[in-house]
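Remarks on the overall topology
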Amino acid sequence: MNRWIYFAFLLFLTGCREKQPDIYLTSEKALRYFNKVEEACNRDNGKLWGKNLYGPVMYIDRSSRKIMANHPDEEGLLNEKDGIYTGTYPRELLINNIAVQYGGTLFAMAPLPNEEDEYTIINRAIHGLFHCYQESIGWTSSGYNTSNLNEKNARLWIKLEWKALRKAINAEGLEQKLALRDALVFKGSNREQYPGYILDEIRFENYEGLAAFTYILLTSESPGQYKDRLLEYLDRIYTRPVFSRSYGAVTGAIYANLLYIKGYDFKNIKSENVDLAEEVKKLYEIQLPEVCRDVAGSIALNYEIGVIQDEEAEREADIRDRIHRQISTFTEKPVVYLDLESPYFDFEDSDIHPMDTLGILYSALRVSDNWGRLTVENGGCLVSNNLKYLRITSKDYKADKNRIEGEGWHLVLNSGWAMVRVDENYLVRKLVP
């Protein structure tokens, strides 16, 4: 072949390769964001939690998985240039806004938003740094089962509680105290109806709620800006069709704020089992009835219960429509089933859709468990309400040793696990030695 033709052919092949998406976070911008995160932490300088929260942070772009960190790792996996440490996050690991060990160093992992937004970029770093603080005092997340929060009655109580909390945030004196009493009555009614979920709810409010409270507080320049951001966060969560993944974060942040304005010492919180709502009740000297549901119905009339019921009726109609359109994907055999033993999820809140008693539909999802790692990019994944198993379509099913794929998803199984055919369906099972 003529060498010029060969050279042109190579250029053609190079041009046909998929171009990696550009990452908007340059080294210069990363340094600026790291400086802003450090400034926010230094302004507090340990007043809130007893130590300055600033430490190792890694921003990660989800598409390219490029890491940009402010600190080296102990094992030298990251490469330094111009004060920024870069690398590529392994594809078999999940990306989430958490504390993570990487190269022998504990980092605050902060996924970059799809579009550059300074507030989101900074608050995700502080969010992760707070989780690093929690890890440092032995306060880790073991996961929470709060699936009851998607049920109709639970959602009614939650929305009533939020409306009363909003009123309390905007009020003072006796009016604030009465609104707080109403919020705690609604919370108490919810807990009376679902007593088996109380501890998980408390731990969720602590782990994610205190993280949200901390990053909103540290990034706000005034009490007014802080209150606006907190209420904007509440408004955004209020409209979501699923509460089980977000209720604890916003509710915990609101109760923490109510404690903060009363001078509460957060350094005394050393356990994930501290009930923030109970702390508010004691600090504001609020008395509740022995049975909250005895009075909740009459109080609800003051908080637009009719409007809430209309909102929930519309949500249920949307669910019925979605079930009608998509149920066959997850019910007609063959279907791929994966049991959930100790799952870790990575998803965007906008990808969550309730499917009534069938479970929660995730448009896209990444999950790791004892059996390996599953990535669903399109087509959806149905997770049971009790978090015991998930279902995906078996369309275009292909298996090559421990790598399995289907329409819109791929699965990498760990050693000692296999996909087996049982009664027309596919199930992941642990191999017996």
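Residues numbered from 1 in each chain as written. Predicted model: local features only at pLDDT ≥ 70, side-chain atom pairs only at ≥ 80, totals over all residues. Heavy atoms only, no water.

Considering the packing of aromatic side chains
- Tallying each qualifying case throughout the model produces 19 aromatic pairs.
- Ring centres of tyrosine 264 and phenylalanine 266 lie 5.2 Å apart, and the angle between their planes is 75°; on these two criteria the pair is classed as edge-to-face.
- Among the residues examined, tyrosine 264 registers a relative accessible area of 17% and is labelled buried.
- Measuring from ring centre to ring centre gives 5.4 Å for phenylalanine 347 and tyrosine 362, while their planes differ by 65°; the resulting arrangement is edge-to-face. (Phe/Tyr/Trp six-rings, centres within 6.5 Å; stacked < 30°, edge-to-face > 60°. Buried < 20%, exposed > 50% of the residue type's maximum accessible area, 1.4 Å probe, protein only.)

Topic: unusual backbone geometry
- Here the residue pair lysine 333 and proline 334 is connected by a cis peptide bond, since its omega of 0° sits within 30 degrees of zero.
- The backbone phi angle of aspartate 82 is positive, close to 55°, even though this residue is not glycine.
- Within the secondary structure layout, aspartate 82 lies in the loop between β3 (79–81) and β4 (84–88). (Helix = DSSP H or I, 4+ residues; strand = E, 2+ residues; numbered from the N terminus.)

What about the pattern of salt bridges?
- Using the criterion set out here, one finds 23 salt bridges in the structure.
- Ionic pairing is found between aspartate 339 and arginine 429, a salt bridge with its closest N-O pair at 3.3 Å. Taken together, the residues span a long stretch of sequence, with aspartate 339 in strand β7 (residues 335–339) and arginine 429 in strand β19 (residues 425–430) at a distance of 90 residues.
- Assessed through its relative accessible area of 36%, aspartate 339 is described here as partly exposed.
- Where glutamate 407 meets lysine 395, a salt bridge forms, and the shortest distance between an N and an O atom there is 3.6 Å. With glutamate 407 in the loop between β16 (403–406) and β17 (409–413) and lysine 395 in the loop between β14 (389–393) and β15 (398–400), the pair connects residues that are 12 residues apart, well separated along the chain.
- Judged by its relative accessible area of 35%, glutamate 407 is partly exposed. (Salt bridge = Lys/Arg side-chain N within 4 Å of Asp/Glu carboxyl O.)

Thoughts on the pairing of β19
- Sheet topology note: the β7/β19 ladder contains 2 bridges and is parallel. Bridge pairing in β19 links valine 336 to tyrosine 426.
- Summarising the sheet, strand β18 (residues 417–422) and β19 pair through 6 bridges and their orientation is antiparallel. From the neighbouring strand, valine 420 faces β19, where its bridge partner is leucine 427.
- Taking the residues between adjacent antiparallel strands as the criterion, β18 and β19 are bridged by 2 residues, where aspartate 423 takes a positive phi near 50°. (Pairing = 2+ DSSP bridges.)

Notes on helix α6 (residues 198–219)
- With 22 residues, α6 extends 31 Å between its outermost C-alpha atoms, agreeing within 8% with the 32 Å of an ideal straight helix rising 1.5 Å per residue.
- Along α6, the sharpest kink reaches roughly 30°, centred on glycine 209.
- Within α6, 20 of the 22 residues are buried, leaving the element largely enclosed by the surrounding structure. (Expected span 1.5 Å × (residues − 1). Bend = angle between axes of the 7 residues up to and from the residue.)

Let's talk about the confidence of the model for the chain
- Chain-level statistics for the chain give a pLDDT mean of 89 and a share of 94% at 70 or above.
- The low-confidence segment residues 1–21 (pLDDT under 50) makes 3 contacts with residues lying over four places distant or belonging to another chain. (pLDDT = per-residue confidence, 0-100. Contact = heavy atoms within 4.5 Å.)

Some details on the environment of isoleucine 216
- Structurally, the position occupied by isoleucine 216 is in helix α6.
- Between the C-alpha atom of isoleucine 216 and that of leucine 230, which follows or precedes it by 14 residues, the distance is 7.2 Å.
- Aside from chain neighbours lying at most four places away, what touches isoleucine 216 is Tyr119, Tyr226, Arg229, Leu230 and Tyr233.

A few points about the side chain of asparagine 257
- Structurally, asparagine 257 can be placed in helix α8 (residues 247–260).
- Given a relative accessible area of 7%, asparagine 257 falls into the buried group.
- Each residue touching asparagine 257, except ones within four places of it in the same chain, is listed here: Ile169, Phe213, Tyr226 and Leu230.

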